[in-house]
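The primary structure of each chain is shown beneath.
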Amino acid sequence: DDPVKAKVQGYWLQAAYRFDRLFPDRSGWRGQVNRLEPVVRWGQVLDSPEAEKHPDQVAVGLNYWLFPSAPLKLSYEVNNGAPDDNRFWLSFAYGF
């Protein structure tokens, strides 16, 4: 099987909470805390050439919102069944 052409099916559930609801005052340190968003994600690979290797994933992370549509994301992903594939992720997203 060619891994480039492989079809992968799966799903994930994600929960996050923006701290800006806790501190409506955006001045001082509260303004920085308001930009934080803890995130928890659980996912499962259903059909993949490596499905046995990654049966499910759990990730915990923290997003820092640089702008209203641009978070910087840091997370740690645990791949159950494959501890050598646990990893840290650092990414940037932009929504438009």
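Owing to the predicted nature of the structure, the values given are computational and were not obtained by experimental measurement.

Draft legend 1. Geometry of the sheet that holds strand β2 (residues 36–47). Strand order across the open sheet formed by 5 strands is β1-β2-β3-β4-β5, with antiparallel pairing between neighbours. Each edge of the open sheet carries a strand with a single partner, namely β1 (9–16) and β5 (87–92). Averaged over all adjacent pairs, the angle separating strand axes in this sheet is 20°, with direction ignored. The pairing of β1 with β2 spans 8 bridges and is antiparallel. Note on β2: the bridge partner recorded for leucine 13 is tryptophan 42.

Draft legend 2. Molecular detail of the pairing of strand β4 (residues 70–80). Sheet topology places strand β3 (residues 56–67) next to β4; 11 bridges connect them, and they run antiparallel. Within β4, the residue paired with asparagine 63 across the bridge is lysine 73. The antiparallel pairing of β3 with β4 creates a hairpin that spans 2 residues between the two strands. Here β4 pairs with β5 via 6 bridges, running antiparallel. Its bridge partner being in β5, tyrosine 76 is matched across the sheet by phenylalanine 88.

Rules used throughout
- Residues numbered from 1 in each chain as written.
- Predicted model: local features only at pLDDT ≥ 70, side-chain atom pairs only at ≥ 80, totals over all residues.
- Heavy atoms only, no water.
- Pairing = 2+ DSSP bridges.
- Helix = DSSP H or I, 4+ residues; strand = E, 2+ residues; numbered from the N terminus.
- Axes fitted to C-alpha atoms, helices over the stretch in contact; angles between N-to-C directions.

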